[in-house]
Amino acid sequence: MTNIHMSKEIFNRYMELSDNARVICEYLWIDGTGEGIRSKCRTLEFEPKVPSDCPMWNYDGSSTYQAEGSNSDMYLLPVALFKDPFRCGLNKLVLCEVLKYNKKPAESNKRHTCAKTMVKAKDAHPWFGIEQEYTLTDVDGHPYGWPKSGFPAPQGPYYCGVGTNKVYGRDIVEAHYRACLYAGVNIAGANAEVMPAQWEFQVGPSEGIDMGDHLWVARYLLHRVAEDFGVVVTLDPKPVEGNWNGAGAHCNYSTLGMREPGGIKEIEDAVERLEKAHERHIKVYDPKEGKDNERRLTGKHETSSIYEFSAGVANRGASIRIPRQVAEDKCGYLEDRRPSSNCDPYAVTEIIVETTLLSK
Ligand code: ADP
Ligand code: MN
Ligand code: MN
Ligand code: MN
């Protein structure tokens, strides 16, 4: 990191070289952990306009916790295209689904069934807005900007704070925001969080499968931007034990019916259905079937207990919160506060649609 030969100034000379004919495509995919993002790039001789313009590709699944070495080839199926904010020009980010040797979706590929579910529910026009919370750390895992021994002053001044002693790492947040806008990610906002070095950005409202696609690309961009600053991003839902807030991925959700006048009835009906399916939802709201969220959903620090379902207007200690404005307007959306920061948005949005719309 401190090596003079890794200077960005020298690097940028090469970044200005351009080839007007060929395009670099960075293929992105989710690895076997269900959390990690991998990528590799290739040259195309033309500018792809839709995902299917990009050829299928493959990689070594034995190096991504996805396959045995003896049968290791996994397929990459391009499903969404974004502009590349790092290489710029015609270069692209190509989000992919992962298929196994037999062309069946890999276990970690939650997009495959999510996309089918969203097609079934398309007449209800399901919209989602996910609030992605995350924490910045040094390479050694220590929260970014925290004293090397001891702790910062207790929580209180940091949420939406301003000032050198209140916010840690704002440059990364700003750079990530611009990268999302440039790429075409539907980023909605960002704010400093309750724990110092913890931040949030929101993606949405996005309809159907777009929610997962855009959030995964936003996460890729965040890790990649932070790399440029020599800082690490963790989506661990409880990065620091004790009196420090954890990190979630609140999922705001509405259907056309909920958004229309009197939609509160449909919201209330959805809450009832969500209550009955609480345990099933907890199982898919983090990649370890509830084990990660157990550390976060304690009933303290603006969370509900993982073991009990609750719902309420303006209640940030509930599983489901109905925003006050929605209660007043009698239409709008609900907020599911249970998904963990490291959840798979495909799995989360799929089960919400399944429970509230399709299992009727
Ligand atoms: P909070 O008050 O919980 O911090 P935020 O402002 O961080 O809420 O996030 C609210 C999210 O809800 C945004 O991503 C926004 O796009 C999304 N949202 C707003 N209206 C709707 C709607 N009708 N359906 C689904 N999502 C919505
Ligand atoms: Mn928020
Ligand atoms: Mn938040
Ligand atoms: Mn929220």
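Heads up: the structure comes first, above all this text.
Residues numbered from 1 in each chain as written. Chains lettered and ligands numbered in written order. Predicted model: local features only at pLDDT ≥ 70, side-chain atom pairs only at ≥ 80, totals over all residues. Heavy atoms only, no water.

Remarks on the overall build of the protein chain
What the protein chain contains, in helices and strands, is 10 helices and 13 strands. For the protein chain, whose C-alpha radius of gyration is 21 Å, the value lies close to the compact-globule estimate of 21 Å for 360 residues. Overall, the C-alpha framework of the protein chain stretches about 55 × 50 × 40 Å when taken along its three principal axes. Out of the 360 residues belonging to the protein chain, those deemed buried represent 50%. (Helix = DSSP H or I, 4+ residues; strand = E, 2+ residues; numbered from the N terminus. Rg over C-alpha atoms; globule rule 2.2 N^0.38 Å. Buried < 20%, exposed > 50% of the residue type's maximum accessible area, 1.4 Å probe, protein only.)

What about the coordination of the manganese ion (ligand 4)?
Distances from the manganese ion (ligand 4) to its protein donors, Glu131 (OE), Glu131 (OE), His250 (ND1) and Glu335 (OE), fall at 2.0 to 2.5 Å. Here the manganese ion (ligand 2) and the manganese ion (ligand 4) are spaced 4.0 Å from one another, each receiving a donor from Glu131. Here the residue Glu131 occupies a position in strand S6 (residues 127–137), and His250 occupies one in the loop between strand S9 (232–234) and strand S10 (251–254), the gap between them amounting to 119 residues. Since its relative accessible area comes to 14%, Glu131 is described here as buried. Here His250 falls in the buried class, since its relative accessible area comes to 8%. (Donors = N, O, S within 2.8 Å, 3.2 Å for Na, K, Ca; no water.)

Points about the coordination of the manganese ion (ligand 3)
The protein atoms donating to the manganese ion (ligand 3) are Glu133 (OE), Glu193 (OE) and Glu200 (OE), with metal-donor distances spanning 2.1 to 2.2 Å. One chain supplies every donor to the manganese ion (ligand 3), and in sequence these donors are spaced E-x59-E-x6-E. Separating the manganese ion (ligand 3) and the manganese ion (ligand 2) is a distance of 3.8 Å, and Glu200 donates to both of them. Linking Glu133 in strand S6 with Glu193 in the loop between strand S7 (187–192) and strand S8 (198–207), this pair joins segments that are 60 residues apart in sequence.

A look at the environment of Pro48
Position of Pro48 relative to the elements: it lies in the loop between strand S2 (37–44) and strand S3 (57–60). As a C-alpha pair, Pro48 and Leu90 span 42 residues in sequence and 8.8 Å in three-dimensional space. For Pro48, the residues in contact, after removing those within four places along its chain, are Val23, Cys25, Asp53, Cys54, Leu81 and Lys92. (Contact = heavy atoms within 4.5 Å.)

Quick word on the nonpolar core
In terms of nonpolar packing, the biggest core is built from 63 residues, with Tyr134 and Val185 touching the most fellow members. Considering every element that reaches this core, the biggest residue donor is helix H4 (residues 210–228), with 10 residues. Residues in contact with Val185, not counting those within four places in the same chain, are Phe82, Cys180, Val203, His214, Val217, Ala218 and Leu221. Counting 14 residues, the second largest nonpolar core, distinct from the first, contains Cys54, Val94, Cys96 and Ala106. (Core = buried A, V, L, I, M, F, W, Y, C linked by side-chain atoms within 4.5 Å.)

Let's talk about the pairing of strand S5 (residues 92–99)
Burial analysis of S5 places 8 of its 8 residues in the buried class, the great majority of the element. Because side chains alternate across S5, one face comprises the buried residues Lys92, Val94, Cys96 and Val98, and the other comprises Leu93, Leu95, Glu97 and Leu99, equally buried. In this structure, strand S1 (residues 23–30) lies alongside S5, joined through 4 bridges in parallel fashion. Across the sheet, the residue bridging to Cys25 is Lys92, located in S5. Of the strand pairs in this sheet, strand S4 (residues 73–83) and S5 are connected by 8 bridges, and their pairing is antiparallel. The partner of Pro78 across the bridge, within S5, is Cys96. (Pairing = 2+ DSSP bridges.)

Considering the sheet that holds S2
In space, the 5 strands of this open sheet follow the order S2-S1-S5-S4-S3, with mixed pairing throughout. If you trace the sheet from one side to the other, it starts and ends with S2 and S3, each paired once. Adjacent strand axes in the sheet meet at a mean angle of 40° when their direction is disregarded. As defined by bridge partners, S3 adjoins S4 across 4 bridges and the pair is classed as antiparallel. Looking at S4, one finds that Asp60 is bridged to Asp73. (Axes fitted to C-alpha atoms, helices over the stretch in contact; angles between N-to-C directions.)

A few points about the pairing of S10
Going residue by residue along S10, you find Cys251 and Tyr253 tucked away on one face and Asn252 and Ser254 tucked away on the opposite face as well. With 4 bridges connecting them, S6 and S10 associate as antiparallel partners. Bridge assignment links Ile130 to a residue of S10, and that residue is Cys251. Here S10 runs beside strand S13 (residues 334–336); their pairing, made up of 3 bridges, is antiparallel. Along S13, the bridge assignment pairs Tyr253 with Leu334.

Some words on the pattern of salt bridges
Across all of its chains, the model carries 21 salt bridges by this definition. Arg111 is the partner of Asp213 in a salt bridge, and the nearest nitrogen-oxygen pair spans 2.8 Å. Of this pair, Asp213 sits in helix H4 while Arg111 sits in helix H2 (residues 111–120), and the two are 102 residues apart along the sequence. Of the residues examined, Asp213 reaches a relative accessible area of 3% and is grouped as buried. Looking at Arg111, the relative accessible area reads 9%, which means it is buried. Across the salt bridge formed by Lys148 and Asp140, the nearest N and O atoms sit 3.2 Å from each other. Taken individually, Lys148 and Asp140 each receive the classification exposed, so the pair is uniform in this respect. Among the charged side chains, a salt-bridge network with shared partners connects Glu35, Asp236, Lys288, Asp292 and Arg295. (Salt bridge = Lys/Arg side-chain N within 4 Å of Asp/Glu carboxyl O.)

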